[in-house]
Amino acid sequence: MNFIKPATTFIQPFAVSFNLVEGIMLNPKSHLVRRAGDMKGHYRDHEALAALIAAGNPTHYEVFETPVPHEYGHLMYCISKLHPGLVGEEWFMTKGHYHTAINTGEIYLALRGEGLMMMKTPDGQCRHERFEPGRMVYVPPYWGHRSINTGREPLISFCVYPGDAGHNYGDIEKEGFPRRAFCRNGATVVE
Ligand code: PAN
Ligand code: ZN
C-alpha cells in the first residue's frame, strides 16, 4: 500500500453566491461561453449547424467557475447553463468529455430546466439519466458525459468534481456518443 498522498495546496475558506433563477454565479473568476461555432462535428446535421452559425452564431452554453487548485484533495465546482434550442432535429447539448484522470466521477445537481445526461464508457456502454430541478445525476468514474437540454428554457446545473480530474475532449470528439436526443413531433426521442 502506498500511503504517500499527492501534495494539496493550503488555501483560505471562501464562499460564492449564485442567482439560481438566472443560472449564474455572481462575480465568477471565469466565464466560459461556447457558441454554435464551437460545436462543429458534434451534431448529426452539419448543414443545420452551419445555418445556425450563419444566422448569428448563438450561445450554446456557459460555464461559471471560481477555480480552486487543480489538485488531488480540492473540489472543482461550476454552474453550467445550457441554452434551449435545436440543431436540425437535435437538442442543444454540451461537447462532452471524459475526465483526464478517468477514474474520477462527478455530481450534477439540476436546478432549473429539463434534460438528459448522456454517458458512455470507452468500451461502448451508453446510459442516460433525466435532469429535472432537484434531481442529482451521479456520473461514476470512467463515464464520459454530455448534458442535453430537452426543454424550452435553460438547463441549469451545479457540478462538483475532483480538482485533479481534468477534461479530455479529444477522445469524445473521435468516438462521439452512441446515442443522441432528437425532438420529433414535440417529443424527445433518444436513438
Ligand atoms: C462540467 C462541464 C460543463 C460544460 O463542468 O465542463 O457542463 O461541458 P463540456 O466541458 O463538455 O463542454 C463538467 O462536466 N466538468 O467536469
Ligand atoms: Zn466532467
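The following refers to the structure shown. None of the values given here were measured: they were computed from a predicted structure. (Residues numbered from 1 in each chain as written. Chains lettered and ligands numbered in written order. Predicted model: local features only at pLDDT ≥ 70, side-chain atom pairs only at ≥ 80, totals over all residues. Heavy atoms only, no water.)

**Thoughts on the site of ligand 1**
Logical step 1: As a structural note, the neighbourhood of ligand 1 is formed by 16 residues, with Tyr61, Glu106, Tyr108, His167 and Tyr169 the closest of them.
Logical step 2: Here an oxygen atom of ligand 1 and a side-chain polar atom of Glu106 are 2.8 Å apart.
Logical step 3: For ligand 1, an oxygen atom lies 3.2 Å from a polar atom in the side chain of His145.
Logical step 4: Protein coverage of the free-state accessible area of ligand 1, which is 390 Å², stands at 98%.
Logical step 5: In a pocket analysis with a 2 Å cut-off to the grid points, ligand 1 is assigned to the largest pocket.
Logical step 6: Residue composition of the shell around ligand 1, by class: six nonpolar, seven polar and three charged. (Near = heavy atom within 4 Å. Polar contact = N/O pair within 3.5 Å; in protein donor to acceptor, adjacent residues only side chain to side chain. Areas by Shrake-Rupley, 256 points an atom, 1.4 Å probe, with all protein chains shown as cover. 1 Å grid on protein atoms, 1.4 Å probe; cavity = no way out; pocket = protein on both sides within 12 Å on 5 of 7 lines; lining within 4 Å. Sits in = over half its atoms within 2 Å of the grid points. Nonpolar A, V, L, I, M, F, W, Y, C, P; charged D, E, K, R; others polar.)

**So, the coordination of the zinc ion (ligand 2)**
Logical step 1: Bound to the zinc ion (ligand 2) on the protein side are His97 (NE2), His99 (NE2), Glu106 (OE) and His145 (NE2), at distances that span 2.1 to 2.3 Å.
Logical step 2: Metal-centred angles of 75 to 171 degrees between the six donor atoms at the zinc ion (ligand 2) mark the site as octahedral.
Logical step 3: Binding-site remark: the zinc ion (ligand 2) is held by donors from one chain whose sequence spacing is H-x1-H-x6-E-x38-H. Here the residue His99 occupies a position in the loop between strand 7 (90-91) and strand 8 (106-112), and His145 occupies one in strand 12 (residues 144-149), the gap between them amounting to 46 residues.
Logical step 4: Residue His99 is classed as buried on the basis of its relative accessible area, which comes to 3%. (Donors = N, O, S within 2.8 Å, 3.2 Å for Na, K, Ca; no water. Tetrahedral: all angles 85-135°; square planar, octahedral: opposite > 155°, others 65-115°. Helix = DSSP H or I, 4+ residues; strand = E, 2+ residues; numbered from the N terminus. Buried < 20%, exposed > 50% of the residue type's maximum accessible area, 1.4 Å probe, protein only.)

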